[in-house]
Amino acid sequence: MSRTKSYSVAVVGATGLVGEAMLECLAQREFPIRQLHLLASERSAGTAVTFAGRKHVVTDLAEFDFSGVDLALFSAGGSVSAEHAPRAAAAGAMVIDNTSHFRYDDDVPLVVPEVNPEALERASRRNIIANPNCSTIQMVVALKPIHDAARITRINVATYQSVSGAGRRMVEELARQTANLMNGRPLGDMLSPRPLAFNALPQIDAFEDNGYTREEMKMVWETQKIFADPTIGVNATAVRVPVFFGHSEAVHIETERKVTAVQARRLLREAPGVKVMDRRVPGGYPTAATEATGADAVWVGRIREDISHPRGLSLWVVSDNIRKGAALNSVQIAETFVKTYL
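Since this is a predicted model, take the numbers as computed values, not measurements.

Caption draft 1: Fine view of the packing of helix H3 (residues 134-150) against helix H5 (residues 214-226). At a closest axis distance of 9 Å, the pairing of H3 and H5 adopts a crossing angle of 45 degrees. On the basis of their axis angle, the class for H3 and H5 is oblique. Crossing handedness for the pair H3 and H5: right-handed. Along the contact surface, H3 presents Ser135, Thr136, Met139 and Val140, while H5 presents Glu215, Lys218, Met219, Glu222, Thr223 and Ile226. A class-by-class count of the residues in the contact of H3 with H5 yields four nonpolar, three polar and three charged.

Caption draft 2: Molecular detail of the packing of aromatic side chains. Scanning all chains against the criterion turns up six aromatic pairs. Here the aromatic rings of Tyr7 and Phe31 are separated by 6.1 Å at their centres, their planes lie at 45 degrees, and the arrangement is tilted. Linking Tyr7 in strand E1 (residues 7-12) with Phe31 in the loop between helix H1 (17-28) and strand E2 (33-40), this pair joins segments that are 24 residues apart in sequence. Of the two residues, Tyr7 and Phe31, neither departs from the other in class, the shared state being buried. Linked through ring pairs, Phe64, Phe66 and Phe74 together constitute an aromatic cluster.

Caption draft 3: The arrangement of H1 in detail. With 12 residues, H1 should reach 16 Å at 1.5 Å per residue; the first-to-last C-alpha distance of 17 Å fits that figure. The set of residues buried in H1 consists of Leu17, Val18, Gly19, Ala21, Met22, Leu23, Cys25 and Leu26. Residues of H1 that are buried sit in contact with E1, E2, strand E3 (48-51), strand E6 (71-74), helix H4 (168-182) and helix H8 (323-341). One or two residues past the end of H1 sits Glu30, with phi positive at roughly 55 degrees.

Caption draft 4: Layout of the sheet that holds strand E14 (residues 312-319). With respect to topology, six strands assemble into an open sheet ordered E10-E9-E11-E14-E13-E12, the strand pairing being mixed. At either end of the open sheet lies a strand with only one pairing partner, and these are strand E10 (233-240) and strand E12 (274-276). Here the strands of the sheet are splayed against their neighbours by 20 degrees on average, with no regard to which way each runs. With three bridges connecting them, E12 and strand E13 (residues 298-305) associate as parallel partners. Each residue of the ladder has a partner; that of Val276, found in E13, is Val300. The strands touched by H5 within the sheet are strand E9 (152-161), E10 and strand E11 (247-255), with E10 carrying the most contacts at an inclination of about 145 degrees.

Caption draft 5: Expanded view of a nonpolar patch on the surface. There is a patch of nonpolar side chains on the surface, built from Leu181, Met182 and Phe198 and spanning about 350 Å² of accessible area. By the element assignment, Phe198 lies in the loop between H4 and H5.

Caption draft 6: Main features of the layout of surface pockets. Of the volumes computed, that of the largest pocket is approximately 970 Å³. Of all the elements in the fold, those that place two or more residues in the lining of the largest pocket are H1, helix H2 (78-90), H5 and H8. Of the residues forming the lining of the largest pocket, the biggest block, three residues, is contributed by H1. Across the lining of the largest pocket, the residue classes break down as 13 nonpolar, 19 polar and seven charged. Volume-wise, the second largest pocket comes out at about 250 Å³. Forming the walls of the second largest pocket are Ala166, Arg169, Met170, Leu191, Ser192, Pro193, Leu196, Leu201, Gln203, Ile204, Asp205 and Arg240. In terms of residue class, the lining of the second largest pocket is built from seven nonpolar, two polar and three charged.

Rules used throughout
- Residues numbered from 1 in each chain as written.
- Predicted model: local features only at pLDDT ≥ 70, side-chain atom pairs only at ≥ 80, totals over all residues.
- Heavy atoms only, no water.
- Axes fitted to C-alpha atoms, helices over the stretch in contact; angles between N-to-C directions.
- Helix = DSSP H or I, 4+ residues; strand = E, 2+ residues; numbered from the N terminus.
- Parallel < 35°, antiparallel > 145°, perpendicular 65-115°, else oblique.
- Left-handed = near helix turned anticlockwise from the far one by under 90°.
- Contact = heavy atoms within 4.5 Å.
- Nonpolar A, V, L, I, M, F, W, Y, C, P; charged D, E, K, R; others polar.
- Phe/Tyr/Trp six-rings, centres within 6.5 Å; stacked < 30°, edge-to-face > 60°.
- Buried < 20%, exposed > 50% of the residue type's maximum accessible area, 1.4 Å probe, protein only.
- Expected span 1.5 Å × (residues − 1).
- Pairing = 2+ DSSP bridges.
- Patch = residues over 30% accessible without salt bridge, like charges linked within 9 Å, V, L, I, M, F, W, Y side chains within 5 Å.
- Areas by Shrake-Rupley, 256 points an atom, 1.4 Å probe, with all protein chains shown as cover.
- Salt bridge = Lys/Arg side-chain N within 4 Å of Asp/Glu carboxyl O.
- 1 Å grid on protein atoms, 1.4 Å probe; cavity = no way out; pocket = protein on both sides within 12 Å on 5 of 7 lines; lining within 4 Å.
- Points joined across faces, edges and corners; volume = space filled by probe spheres on them.

Dropping the structure here:
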C-alpha cells in the first residue's frame, strides 16, 4: 500500500493472543504507522512489547484518550468493546472491533475485505467496523467465488475448531490436560465442560433456545449479513477439537445453478485470499497443523460434487483462526479503509 500517508494506530488488547498477532501482521505488512499506542487492562499496563524492533510500553485502556487516533483495533472482549469502542469512535478514531458486540447492528458494517469491501462505505455512520467470527471468515472467503458464479442457496457446515479460538487460557488448558493424561495423572478441575485432550466437544459458546449454540448461530447471522442475502439457509454444527491453532470446516453447499468440481477449482484458484490443495492422493489436502497455522490464506481441498444433490458441492476449508480469522482480517480492513476513505 502507499506510504505517502501514515496513521496513528491503537491496538486494544495488545497482550492477548489476537493482539500479539495484530502487531505481527501490522509489522509484516508494513502498515504505515506514525504513532502506535498499545492498550490493555490495568493488570497488563506497564508491560513492554516489541514492535518493529522498538519497545513500546502498554498503557491502561481506561485512562487513555483516543483523541488524535486514526484507527483503533479492538480485541479485548465484548464487555471491553461495549464500554470503550464508542468512546474511541466519538473521539474520531475508526474502530475495527474483533468481538461480537457490534456485529449484528444494522448500522455497523461486518466486513471481510475479499468478500464485501463495499460495506465499508457505511463505516462513518458510527465509526465502527465489525470483524466477523473466525469460523465465518474462512468459510465466506472460500464460498464467495462460487456464490458470485452460481448463487448459494443453502450451506451445511461442521466446524472443527482449535482451542486458541477460546484464548490463551484454553491453549494452556489443552497442554495441561494432555500432559496429565499422557502421564497417568487425573485431570483435576477443568475450564472445559468435558475433557479437551483426545476428545471432540460439540459445544462452543452457550446454547440458544433453538438448541443451537451461539457459535453456530453466529455463522448463520454473519453469513447472511456479509453476503447481503437473508434467504441463504445456513445449518452449522460447531465442534471444539484438541488442536492448538487452525480451524477446519467440512462445508456442503447447494447452488441455484450447477457448478462442477472442475469449475469450482478454477473459481477458487482465481479467488483472492484462497489457496487450493486438492489432489486425490493420501495427504493431498490441507490441514490445520500443516498448511493453515501461521499462514494468511484460506486453504481449500476435497472439492467434489455432492452425490446426494444435483447442484451440491462439498469442500474442506482450513485457516489460521488467530491470523485470517481475527488479526489479519482486522489489519486488511484497516488497509482497505485507509486506501479508500482516509
